[in-house]
Amino acid sequence: QTVVTQEPSLTVSPGGTVTLTCASSTGAVTSGYYPNWFQQKPGQAPRPLIYSTTNKHSWTPARFSGSLLGGKAALTLSGVQPEDEADYYCLLYYSGPWVFGGGTKLTVL
Amino acid sequence: EVQLVESGGGLVQPGGSLRLSCAVSGFSFSDHYMEWVRQAPGKGLEWVGRSRDKASGYSTEYAASVKGRFTIARDDSMNSLYLQMNSLKTEDTAVYYCARIVGATTGSDYWGQGTLVTVSS
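**Student:** Break down unusual backbone geometry for me, with residues and values.
**Tutor:** Positioned with a positive phi, S95(A) is a non-glycine residue whose angle comes to about 55 degrees. Here N79(B), not a glycine, exhibits a phi torsion of approximately 50 degrees, which is positive. By the element assignment, N79(B) lies in the loop between β7 (70-75) and β8 (80-85).

This is the structure:
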């Protein structure tokens, strides 16, 4: 069974930079996994941020960026704002099914 | 304005069935892939399955955990997506979201607010 792994939790200071990663149990994550990233705040539906590794939706703030880093998909937040405190999920494509990572709880403190 | 509204959730006994609906508006439904995602209480997101568009013959894909029990269907004339859930288990308890897909190998952009399914005796 395919497992997608994210950091369970991370803490960052306001104005700082943080990178969340997304690893696959099948090996290195490449652009062919079409990594997606989502933000979810309590009581809300997930909000898509990034698709196909680096592409932003029209509503995605400029401080969010997606990339591949060391065999993993990565989401970097630069100049973190208090409102960025949330759960973040990655999603990878496995030539048919898609699989979500377990999520990262980002605390801004 | 793109809108997706799920309905049909509720309490069902283990082994029972339920059909969820997702009514959409604001875009050409037949031109888009659509998918279902669920979230158990206090847990992470789980991809459930996807329906391709008319051009792709409305073919479907499912997660291993629901394959053979869940069926995704769509009615383009009603601008609606459905999730038929059979042989329900307690572990199927979750909020079920429908989402619009951006493109064939991309992810989603617009999501509904979800509908809660509780499987319990």
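There is more to say, and it comes next.
**Student:** Outline the interface of chain B and chain A, supporting the account with residue identities and numerical values.
**Tutor:** The partner chain A presents 18 residues to the 21 residues of chain B that form the contact. Taken together, the two surfaces of chain B and chain A that pack against each other cover about 1700 Å², and 65% of this comes from carbon and sulfur. Of all residues in chain B, the largest losses of buried area upon contact with chain A belong to L45(B), W47(B) and T105(B), amounting jointly to 35% of the total for that side. Remark: the boundary between chain B and chain A carries zero salt bridges. For the interface between chain B and chain A, the tally reads three residue pairs in polar contact (both at pLDDT 80 or more). Elements represented by at least two residues in the side of chain B that touches chain A include exactly β4 (34-39), β5 (45-51), β6 (60-62) and β10 (108-111) of chain B.

**Student:** Before we move on, could you go through the pattern of salt bridges and cite the residues and values that matter?
**Tutor:** All names here are of chain B. Under the counting rule described, the total for this entry stands at nine salt bridges over all chains. The partner of R52 in a salt bridge is E61, and the shortest N-O contact between them spans 3.0 Å. Across the pair R100 and D109 runs a salt bridge whose closest N-O atoms are separated by 2.7 Å. Linked through salt bridges whose partners overlap, the residues forming this network are R38, E46, R69 and D92.

Thresholds applied
- Residues numbered from 1 in each chain as written.
- Chains lettered and ligands numbered in written order.
- Predicted model: local features only at pLDDT ≥ 70, side-chain atom pairs only at ≥ 80, totals over all residues.
- Heavy atoms only, no water.
- Helix = DSSP H or I, 4+ residues; strand = E, 2+ residues; numbered from the N terminus.
- Contact = heavy atoms within 4.5 Å.
- Buried area = accessible area lost by both parts, 1.4 Å probe.
- Salt bridge = Lys/Arg side-chain N within 4 Å of Asp/Glu carboxyl O.
- Polar contact = N/O pair within 3.5 Å; in protein donor to acceptor, adjacent residues only side chain to side chain.

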